[in-house]
Every structure is written in C-alpha cells, then in structure tokens.
Amino acid sequence: MNFFSSKRVELPKHNPVLAHALKIPALQKLVGKRVILASNSPRRREILQTLGLSPEVIPSTFEETLPFGGFQDIHEYPVATASQKAVEVYERLVTQDPDDAPDLVIAADTVVLTHPMPGLSSIPRFEDDAPLPQDILEKPTDKEDNMRMLLDLNGGVCEVVTGVTIAFPVLEAPGYKIKSIEERTLVYFGQNEESLLAAYVESGEGADRAGGFAIQGLGGMLVSKIDGDYNNVVGFPAASFFRFLDLLIEEEVDFLSD
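Okay, so let's go over this structure. (Residues numbered from 1 in each chain as written. Predicted model: local features only at pLDDT ≥ 70, side-chain atom pairs only at ≥ 80, totals over all residues. Heavy atoms only, no water.)

Moving on, we get to the overall build of the protein chain. The number of helices and strands found in the protein chain is 7 helices and 7 strands. Its helices and strands taken in sequence order, the protein chain reads α-β-α-β-α-β-β-α-β-β-α-β-α-α from the N to the C terminus. Taken over 258 residues, the protein chain has a buried fraction of 45%. Nonlocal contacts in the protein chain, meaning residues at least 24 apart in sequence, comprise 70% of its contacts between residues at least 6 apart. Of the roughly 14,300 Å² of accessible surface on the protein chain, 53% is carried by carbon and sulfur atoms. (Helix = DSSP H or I, 4+ residues; strand = E, 2+ residues; numbered from the N terminus. Buried < 20%, exposed > 50% of the residue type's maximum accessible area, 1.4 Å probe, protein only. Contact = heavy atoms within 4.5 Å. Areas by Shrake-Rupley, 256 points an atom, 1.4 Å probe, with all protein chains shown as cover.)

In structure tokens form, the structure reads like this:
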C-alpha cells in the first residue's frame, strides 16, 4: 500500500495571514489574497503583524504635497493623502502585472494637530461660534525647532489623526473602489522639566517624527496620558481598521470576493 500521494499540493501564491491571527471574518477573508501596505513605515508593519497580518510592503511614490489650506476641515487632510497613496500603488501594480493585481491595498497617513486643552476654554461660547483653528505640526527642521515644539506641547495636549484608505478591485470602472476611515487620539503631555525636554531633543528620536516626539520610544516619558487608541498615535489604528473590514464584508458585495 502506498501511503504517499504523488499529487502535488498547491500552496496559495499569496498568504498574508499569520498563524496566530484571530479567526475573525476580516482576516479569514484575506487568506490567500494579495495584500499590499503602501507604506515603508516599520511601525505600521509591526502593528499589523502583531495582529496577524503580514502584507507586502510597496511604498507609494505619491508626494505628500496637498495644500493644507485646501481643506475646510483639517481632519480631511490625512484621509485625502492616504487615498492618493492607495490609488497610486493600486494603479501601478495593476499596470505592471494585470494577472497578479492586488486584492487589497492599505494606505495610511498620520498627522499631529494642535489642540486646545479640553475644558471650558475649548468650548465655543455661542452655537454659531466657529471651532478654534488647528494647525498641523510638521517634522522639526532641526534641534532648535524640535525644542520649540516640545515647549509648546509641554503641559498641553495635541491631537493625532490617522487617515486609512483601502483600494480593492470591482467590476465597474475604473476597476477599483476606495473606502476610508479616520481615527483621532488626544495626547496629553506632562509638566516636564526643560532639562528632560532638552535631553530628549539630544537623543534625536523626534527629529523625523511629526510633532517632534515618538510615544512608543523615549518620547513616552513626556506623555502623561492619552484619550483614544494608542496604536493610532504610533501610526496605525488597527482595531478600527479590522472593524472597518468586517463592516465592508457585510455591506460591499464586491469586497474581497473570489
């Protein structure tokens, strides 16, 4: 009797779902799918891998040059940027190899905004009062600029907003659909000694980070608490993202269909 079959076992060409992933609809639908992360951020990749998803990393070439002033609500900016990234990568990959088009492209953009301290001072006095304007905190230009940012944030609060956009194939033109979400988290800074801020600046960790700090690193010493999703501050709101996928599976007939 021959216990060994000569039949070849065909493994899926793509399988981004890791063995430890929870058996939830969103992740089970992604088994055997080609999933792309349109970002070179190691932090986003690590967050997704921790929760069981290991996409291919193909960074977008979209230059983040959208004018801030073009948005009535500044919270729309990271969503618009993420959408441009997702579309650029999806269209590029379909053009390169139509027979191996992605099933899902994930793009994200995170910005840090100034924010009034929650409380009476941040509540408009009258219903018709416009909300207080918020500014985007860019990456510091140098150590002096980094110190200025941290002094402004010290004892105060900022808002971290991440826009996440996915692109996936559909039958109707242009051949794909995009869907987006945004996540907001408030970050509260302690009343830190100036010497601590200076030591942090000298570490160089905040040099390439929006707002001039990284909460998951040494910058965590500067923060007293957050209100919202910690992973969102790091760069990707994973919990909301997977809930978003589950919702699309229920509502979108074409989403991740075989």
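This paragraph deals with the packing of aromatic side chains. Inspection of every chain in the model, using the stated rule, returns 6 aromatic pairs. Ring geometry for F71 against Y77: centres 5.8 Å apart, planes inclined by 90°, an arrangement best described as edge-to-face. When the ring of F236 is compared with that of F241, the centres are 5.1 Å apart and the planes differ by 65°; the resulting orientation is edge-to-face. F241 shares its class with F236; the two are buried. Three or more aromatic residues joined by ring pairs form one cluster here, namely F236, F241 and F242. Taking NZ or CZ as reference, K225 lies 4.7 Å from the ring centre of Y188, over its face. (Phe/Tyr/Trp six-rings, centres within 6.5 Å; stacked < 30°, edge-to-face > 60°. Lys NZ or Arg CZ within 6 Å of the ring centre and 35° of its normal.)

The subject of this paragraph is unusual backbone geometry. Generally, phi is negative for residues other than glycine and the peptide bonds are trans, each holding for most cases. The omega angle of the peptide bond from A173 to P174 is 5°, so this bond is cis rather than trans. Its location among the elements puts P174 in the loop between β5 (157-169) and β6 (176-189).

What follows is about the nonpolar core. Of all hydrophobic cores here, the largest spans 46 residues; its most connected members are L104, I106, I166, F213, F236, F241 and F242. Here this core gets 6 residues from one element, more than from any other, and that element is helix α7 (residues 238-251). Ignoring sequence-local partners within four residues, the contact set of F242 consists of I24, A26, L27, L48, L51 and L53. Counting residues in hydrophobic clusters, the runner-up holds 12 residues, among them I36, V87, V89 and A167. (Core = buried A, V, L, I, M, F, W, Y, C linked by side-chain atoms within 4.5 Å.)

A few words now on the pairing of β5. Burial analysis of β5 places 12 of its 13 residues in the buried class, which makes it a mostly covered element. Both strand β3 (residues 104-114) and β5 contribute to a ladder of 10 bridges, which runs antiparallel. Counted as the bridge partner of A108 is V164 from β5. The loop that links β5 with its antiparallel partner β6 comprises 6 residues; one of these, G175, has a positive phi angle of about 100°. (Pairing = 2+ DSSP bridges.)

What follows is about α7. The end-to-end C-alpha distance of α7 is 20 Å, a good match for the 20 Å that 14 residues give at a rise of 1.5 Å each. Turning to α7, its buried residues number three or more, namely A238, S240, F241, F242, F244, L245 and L248. Contact partners of the buried residues in α7: α1 (25-29), α2 (42-50), β3, β5 and β6. (Expected span 1.5 Å × (residues − 1).)

Two elements in contact, helix α4 (residues 143-153) and helix α5 (residues 194-203), have axes whose closest approach is 10 Å; the angle formed by their N-to-C orientations is 140°. Between α4 and α5, the crossing angle belongs to the class labelled oblique. Note on packing geometry: the crossing formed by α4 with α5 is right-handed. Residues K143, N146, M147, L150 and L151 of α4 touch α5, and the partners they reach there are E194, L197, A198, Y200, V201 and E202. Class assignment of the residues belonging to the contact of α4 with α5 gives a composition of 7 nonpolar, 1 polar and 3 charged. (Axes fitted to C-alpha atoms, helices over the stretch in contact; angles between N-to-C directions. Parallel < 35°, antiparallel > 145°, perpendicular 65-115°, else oblique. Left-handed = near helix turned anticlockwise from the far one by under 90°. Nonpolar A, V, L, I, M, F, W, Y, C, P; charged D, E, K, R; others polar.)

Burial analysis of β3 places 9 of its 11 residues in the buried class, which makes it a mostly covered element. One ladder, built from 3 bridges, connects strand β1 (residues 35-37) with β3; its direction is parallel. Looking across to β3, one finds that V35 is bridged to L104. Sheet topology places β3 next to strand β4 (residues 136-137); 2 bridges connect them, and they run antiparallel. Following the sheet pairing, L113 is matched in β4 by I136.

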